[in-house]
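Residues per chain, in single letters:
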Amino acid sequence: MTEHTPHVPSDSSESDPIATSLQRLSKKVQLITDAVKALHHDRSQLQTKIEDAQKRIQHILSRLPEQSDGRQLNLLGEPVTPTNPEDDNEPTTH
């Protein structure tokens, strides 16, 4: 942003409040400019996170078996311990 040199009137009593207002406005403009830069940076970071999440989702979806496949899904890539159906039928005593 370019700064403009304010026109200073010859009456010094009139220039003080104007100079003070210009200085206050310049500070506010700088704060707004800094806030906009921070928002652009944050938006860029969030966009990167969204893209990474979309890639992870696509990777998980690509690992899904076809609908005709009846195997258990292992989407997290963790080792699956096979379950023994005979263990489920053992009598329990209470």
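Residues numbered from 1 in each chain as written. Predicted model: local features only at pLDDT ≥ 70, side-chain atom pairs only at ≥ 80, totals over all residues. Heavy atoms only, no water.

Considering the overall build of the protein chain
Scanning the protein chain for helices and strands turns up two helices and zero strands. Buried positions account for 1% of the 94 residues belonging to the protein chain. Accessible surface, the protein chain as shown: approximately 9300 Å² in total, 55% of it carbon and sulfur. (Helix = DSSP H or I, 4+ residues; strand = E, 2+ residues; numbered from the N terminus. Buried < 20%, exposed > 50% of the residue type's maximum accessible area, 1.4 Å probe, protein only. Areas by Shrake-Rupley, 256 points an atom, 1.4 Å probe, with all protein chains shown as cover.)

Concerning a nonpolar patch on the surface
Residues Ile18, Leu22 and Leu25 make up a contiguous nonpolar surface patch of about 230 Å² in total accessible area. Inspection of the secondary structure puts leucine 22 in helix α1 (residues 12–63). On the accessibility criterion, leucine 22 (35% relative accessible area) is partly exposed. (Patch = residues over 30% accessible without salt bridge, like charges linked within 9 Å, V, L, I, M, F, W, Y side chains within 5 Å. Salt bridge = Lys/Arg side-chain N within 4 Å of Asp/Glu carboxyl O.)

Take it as geometry only, folks, not as evidence of what the structure does.
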